[in-house]
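# Structural description and commentary
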Amino acid sequence: MSLSLERFYQHNAPAYEIELIAGISGLSKEFTWVKVYEDLATAPFLRNNELVISTGMGIKTSPTWLYDSIQSLIDHDCAGLIINIGPYITLDSISPDIIEFCNHRNFPLFVMPWKIHFSDIIQECATELFKEQQRESKLILLIQETLQFRQTKETLLRQLDAHQLIHRPLWTMTLQTQDKSVQFSKNQFQIEAKSLLNTYQIPYLDYWNESMYIIFLFTHNEELIQEFTLTLQNQYKIIIGRLPYIGISNQHGSAHEIIETFKEAQLALAYSRFHDKSITYFDTLGMYRLLFAIHDRPLLESIYKNTLGILMDYDLQHHSELLDTLRVYLLHNSNISDTAKLLFTHRNTINYRINKIKSLLNTDLTSATYRFELLLAFYIKEYLYMIK
């Protein structure tokens, strides 16, 4: 449950006479709650992404209290600070150095008049956070039920239409950790992702489905999607220490195709995992895109088993590597030397294996049509393994 500072500021600045005096670049940050703060010693009790509000009474203890406090709030990953201007801190007493520091660190610094009560701001934040949670939860639940075919797509589309999302171009991104044993805060990472999305001004809906993070992105701007993806990948690496697997669908014309775009992102993610590649776009999948359009899985299984079954059985019985050898051989234009190098195997061994393959398949592998059929069977085998 979070809310962007920019949205909060736009909605509440007039009513509560809130003014942003520094850190405008940080308005894209998400905050999760509002916390009252007066004592530097209590900073360790602050949580990530909290919006802090203060009268500044601590200034009586030290003339550098405000600067030190802001530094501490930044160190504790707080979202921003609202100062209740009055008897302790005046607007004139906030030095240019503090303004410059907040701007440099993209830390939003707000002021509001003394007549505004803390309780009013906290209540307003709680109300908005609750409304945002209700809105997101309802839409996410509808999306999940639609993707699982437990809800009609029309019900979801009506809700997306009410939020002016139905006619926007749509992408889906799926993200998963490379190591499922790695423990990290999904909620914290999601808040970081939301802040990035706010920075790029991309309308979105997002949620975790067990170990998979799913984002629906409503924009026509492909360059923006690519830039956001690279930034999110880097942010994930900073937090976790290694790259994630990411799959991204094609752009679709509207939310009417939400099921298709989700399936494309899933396949792209599966490809990333299978080939140990961090980012995969669906439109780069070549032959797999054609197989994706074929819904008759038993047909695909029969094709690859009928084509490669003899070699599969032989490898199983003799603990040999004919299948892998043939795959590399075909993918590298039937070149013995390249195949030997890639498999770290002597040329003579590769020659022996290829001759054995020719004997078992009763072919000399010179027919372009038959080589295509063999490669297609390999693609089918990998495709079925990826989607299982």
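First things first, this report covers the structure right here in the doc. The structure presented is a predicted model; accordingly, all values stated were derived computationally and were not measured.

## Things to note about the overall build of the chain
Check the secondary structure of the chain and you find 14 helices and twelve strands. Scaling as 2.2 N^0.38, a compact globule of 388 residues should have a C-alpha radius of gyration of about 21 Å, whereas the chain reaches 28 Å, well beyond that. Across its three principal directions, the C-alpha atoms of the chain cover 95 × 50 × 30 Å. A total of 388 residues make up the chain; the buried ones form 48% of that total.

## Some details on the environment of phenylalanine 45
As for its placement among the helices and strands, phenylalanine 45 is situated in the loop between β4 (33–36) and β5 (50–54). Considered as a pair, phenylalanine 45 and histidine 76 are 31 residues apart in the sequence and their alpha carbons are 9.1 Å apart.

## Describing the sheet that holds strand β12 (residues 279–281)
If you walk across this open sheet you meet the five strands as β9-β10-β8-β11-β12, and the pairing is mixed. The two strands at the open ends of the sheet, each matched to only one other strand, are β9 (204–209) and β12. Each strand of the sheet is rotated relative to its neighbour by a mean of 15°, with strand direction disregarded. Relative to strand β10 (residues 212–218), β9 runs antiparallel, the two sharing six bridges. Considered in β10, the bridge of tyrosine 207 is made with isoleucine 214. The strands that helix α6 (residues 186–200) touches are β8 (170–176), β9 and β10; relative to β9, the one it contacts most, it runs at about 165°.

## Things to note about the sheet that holds strand β6 (residues 80–85)
One open sheet holds the five strands; their spatial order is β2-β7-β6-β5-β4, and the pairing between them is mixed. Where the open sheet ends on each side, the last strands, each with one partner, are β2 (19–22) and β4. With direction set aside, neighbouring strand axes in the sheet form an average angle of 30°. Across four bridges, the pairing between β4 and β5 is parallel. In the sheet register, valine 34 faces β5, and the bridge partner there is leucine 51.

## Details of a nonpolar patch on the surface
Residues Leu290, Ile294 and Leu299 make up a contiguous nonpolar surface patch of roughly 250 Å² in combined accessible area. Along the polypeptide, leucine 299 turns up in helix α10 (residues 297–318).

## Regarding the packing of α10 against helix α14 (residues 368–387)
At a closest axis distance of 9 Å, the pairing of α10 and α14 adopts a crossing angle of 130°. Overall, the two elements α10 and α14 adopt an arrangement that is oblique. In the packing of α10 onto α14, the handedness of the crossing is left-handed. In this structure, α10 contributes Arg297, Leu300, Glu301, Ile303, Tyr304, Thr307 and Leu308 to the contact, and α14 contributes Glu373, Leu374, Ala377, Phe378, Ile380, Lys381, Tyr383, Leu384 and Ile387. In the contact of α10 with α14, the residues fall into eleven nonpolar, one polar and four charged.

## Some details on the pairing of β9
Within β9, five of the six residues are buried, which leaves the element mostly enclosed by the surrounding structure. Taking the residues between adjacent antiparallel strands as the criterion, β9 and β10 are bridged by two residues, where glutamate 210 takes a positive phi near 60°.

## What to know about the side chain of glutamate 145
When you line up the elements, glutamate 145 lands in helix α4 (residues 118–147). Those residues in contact with glutamate 145 that sit more than four places away from it in its chain are Arg150 and Gln151.

## Side note on helix α13 (residues 347–361)
Under the 1.5 Å per step criterion, the end-to-end length of α13 is 21 Å for 15 residues, consistent within 8% with the ideal 21 Å. Of all the positions in α13, only Ile350, Arg353, Ile354, Ile357 and Leu361 are classed as buried. Taken end-on, α13 shows its buried residues confined to a sector of 100°, consistent with a single buried face. Residues of α13 that are exposed and angled more than 90 degrees away from the buried face: Asn348, Tyr352 and Ser359. Contact partners of the buried residues in α13: α10, α11 (322–331), α12 (336–342) and α14. Backbone geometry just downstream of α13 places asparagine 362 in the positive-phi region, at approximately 60°.

## As for the state of the cysteines
Tallied over the entire structure, the rule returns zero disulfides. Counting only cysteine sulfurs, cysteine 102 is the nearest neighbor of cysteine 78, a cysteine outside any disulfide, at a range of 12 Å. Under the relative-accessibility criterion, cysteine 78 is labelled buried at 3%. For cysteine 102, a relative accessible area of 0% translates into the label buried.

So, how was this worked out
- Residues numbered from 1 in each chain as written.
- Predicted model: local features only at pLDDT ≥ 70, side-chain atom pairs only at ≥ 80, totals over all residues.
- Heavy atoms only, no water.
- Helix = DSSP H or I, 4+ residues; strand = E, 2+ residues; numbered from the N terminus.
- Rg over C-alpha atoms; globule rule 2.2 N^0.38 Å.
- Buried < 20%, exposed > 50% of the residue type's maximum accessible area, 1.4 Å probe, protein only.
- Pairing = 2+ DSSP bridges.
- Axes fitted to C-alpha atoms, helices over the stretch in contact; angles between N-to-C directions.
- Contact = heavy atoms within 4.5 Å.
- Patch = residues over 30% accessible without salt bridge, like charges linked within 9 Å, V, L, I, M, F, W, Y side chains within 5 Å.
- Areas by Shrake-Rupley, 256 points an atom, 1.4 Å probe, with all protein chains shown as cover.
- Salt bridge = Lys/Arg side-chain N within 4 Å of Asp/Glu carboxyl O.
- Parallel < 35°, antiparallel > 145°, perpendicular 65-115°, else oblique.
- Left-handed = near helix turned anticlockwise from the far one by under 90°.
- Nonpolar A, V, L, I, M, F, W, Y, C, P; charged D, E, K, R; others polar.
- Expected span 1.5 Å × (residues − 1).
- Arc of directions from axis to C-beta.
- Disulfide = S-S within 2.5 Å.

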